[in-house]
Amino acid sequence: MSKKNDIEQEQVVTPWAVEFGSDGKIDYQKLTEEFGCQEIDERLIERIERITETKAHAFLRRGLFFAHRELDEICTAYEKGEKFYLYTGRGPSSESLHLGHLVPFQFTKWLQDAFKVPLVIQLTDDEKFLWKDLQLEDCRRLARENAKDIIACGFNPKTTFIFADVSYMCTPFYVNMVKIAKCVTFNQAKGIFGFTGDSNIGQIGFPPVQAAPSFPDCFPHMFGMNKKSLKCLIPCAIDQDPYFRMTRDVAHRLGGYKPALVESRFFPALKGESGKMSASDPTSAIYVTDSAKEIRNKINKHAFSGGGATIEEQREKGANLDVDVPWKWLNFFLDDDEKLKEIGEKYSSGEMLTGEIKQILADCLTPIVEEHQIRRANVTDEVLDMYFSIKPRVFLDLFQKYEEKDGSWTVVETDLSKALEEKMKLDEEDEEDTTVSQDKNDEEAGCAIGAPKSDDWLRIRKERLKKDAPTEGSKSALKKAAKIKAAQEKKEAEKLAKAAAKEASAAATMS
Ligand code: TYM
């Protein structure tokens, strides 16, 4: 499927197709204007550094994450002590990820650590089944395989929830989907996504599936049932923007916040920016499964060079950094700003040769890939289940409001009493374990709501929000839960006593 964005005749960017302009490039500035997002400027980067007290990630410093929607509003809210959650995803269509796929996940990991916020990761096994020539069972299996690579990026299992659409689909998720679907006409969907008469109706109905996780009540086991409990920030490459343009357009009609976005450029293919990284051509990309030898060979043989054709030419004219893939890749993966600057100067002036920059790139990527492989090997099925588990991970402190009265803090507003009541009902039914496996019917469990048990979260919150004294939200919520339980038990006992009294009086009448 392809939809012209009318930027230039040739440039096409949709979630399913990226076609480059006649010059073999994407004009990101024009794309930003066309999509209606804003460019990330120095001021915003400095602001993020200031409020997180963390040096900006290289992807931000170097303009690789270059566009946003309402990222400044997220910062303003954060400065006031409000939290948000991160939402990102992956369409599982291949066994392993290439380096380009790591980009949004590495950045998301940085955001999670810098802002200390929870994260949800969607694996759209349904999307890939609808678009690719794959069996649904394969897409479901690939979702779990890809999740291992995502987990290997280092996400905290206590604050990260990974779900595959087909397994997780539950009432709160579906409720959001249908409500979104009702707000978007077929004509609008055609305009946004370029659907045609040949699109299957599963494709046409899919966008609400990717839109829904922008609302926190899709995840009651993490965020409770209030659609406005938390704002959402979505890191992704700019190809995913159409989904969230649509989401932002309908958010108010659902009573939710518009999701904010932070968007990246594309990591270029090995054979040149306008090429495609494709699983069917293993030399077109470096995969996280490649060996050190394969990495070196691929870079030496296939990386598109902007250097001179001969040593003499390179020495005389220097390299064209605008098209040179090793240089572009180093911009993504070499963290040392000074070293990068030096390489750029030497290579563009001709002091450095193509073989040398390729060597530097291979030396830079090999440990990154090898370390990834070690971390991935540690992701057993058990570890995987921790991330997929819908065991309660409620971040109570995130959506309770406190008030100081006579020197102590009390909860003045919460949407959780109902949630806790529900949770207790479910607990009675299933004391043991609420962990869900991929094959289990998840509907009821997927809606489970729970009280928090995140010591880490409390610790982090204590550290970060010193001015915001209450960190006892969890304790008070648990007390509340105990109260509710005691009230229920009392009610039950009264009922039994009443029934016994009734029986006794009936017996007395008979005699
Ligand atoms: P998918 O699997 O195509 O891509 C996963 C993520 O990687 C980004 N991406 C890239 N980033 C930089 N350079 C590249 N060459 C490159 N190729 C892909 C994508 O923008 C994406 O962020 N439908 C989605 C899955 C999804 C999702 C989401 C993505 C579901 N919910 C929320 C982002 C946010 C997909 O198929 O992504």
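Everything numeric here is computed off the predicted structure, so don't read it as measured data.

Below, the discussion takes up the pattern of salt bridges. Applying the stated criterion to the full structure yields 22 salt bridges. Close ionic contact of Asp241 with Arg245 constitutes a salt bridge, the shortest N to O distance being 3.0 Å. Note that Asp241 and Arg245 are positioned in helix 14 (residues 241–254) at a spacing of 4 residues, about one turn of the helix. Across this residue pair, the class does not change: Asp241 and Arg245 are buried. For the salt bridge of Asp363 with Arg296, the shortest nitrogen-to-oxygen distance reads 3.1 Å. Highlighted residues: Asp363 in helix 19 (residues 354–377) and Arg296 in helix 15 (residues 292–302), separated in sequence by 67 residues. Exposure remark for Asp363: the relative accessible area of 40% places this residue in the partly exposed category.

Further remarks concern the packing of helix 9 (residues 171–183) against helix 14. With their axes 9 Å apart at the nearest point, helix 9 and helix 14 run at an angle of 105° to one another. Taken together, helix 9 and helix 14 sit at an angle that is classed as roughly perpendicular. Residues Asn176, Lys179, Ile180 and Cys183 of helix 9 pack against Met246, Val250, Arg253 and Leu254 of helix 14. The residue makeup of the contact of helix 9 with helix 14, split by class, is 5 nonpolar, 1 polar and 2 charged.

Here His57 lies in the loop between helix 2 (42–52) and helix 3 (58–61). With relative accessibility at 17%, the residue His57 sits in the buried group. From its side chain, His57 meets the backbone nitrogen of Phe59 in a polar contact 2.9 Å long. If we ignore the near neighbours within four places in the chain, the residues touching His57 are Gln106, Phe107 and Trp110.

Quick look at the environment of Phe84 now. Its place among the elements puts Phe84 in strand 5 (residues 84–90). Under the relative-accessibility criterion, Phe84 is labelled buried at 2%. Along the primary structure Phe84 and Val117 are separated by 33 residues, whereas in three dimensions their C-alpha atoms are 6.4 Å apart. Aside from chain neighbours lying at most four places away, what touches Phe84 is Ile74, Tyr78, Phe115, Val117, Pro118, Leu230, Lys231 and Leu233.

Definitions and cut-offs
Residues numbered from 1 in each chain as written. Predicted model: local features only at pLDDT ≥ 70, side-chain atom pairs only at ≥ 80, totals over all residues. Heavy atoms only, no water. Salt bridge = Lys/Arg side-chain N within 4 Å of Asp/Glu carboxyl O. Helix = DSSP H or I, 4+ residues; strand = E, 2+ residues; numbered from the N terminus. Buried < 20%, exposed > 50% of the residue type's maximum accessible area, 1.4 Å probe, protein only. Axes fitted to C-alpha atoms, helices over the stretch in contact; angles between N-to-C directions. Parallel < 35°, antiparallel > 145°, perpendicular 65-115°, else oblique. Contact = heavy atoms within 4.5 Å. Nonpolar A, V, L, I, M, F, W, Y, C, P; charged D, E, K, R; others polar. Polar contact = N/O pair within 3.5 Å; in protein donor to acceptor, adjacent residues only side chain to side chain.

From the geometry alone we can't say anything about function, so treat these as descriptive.
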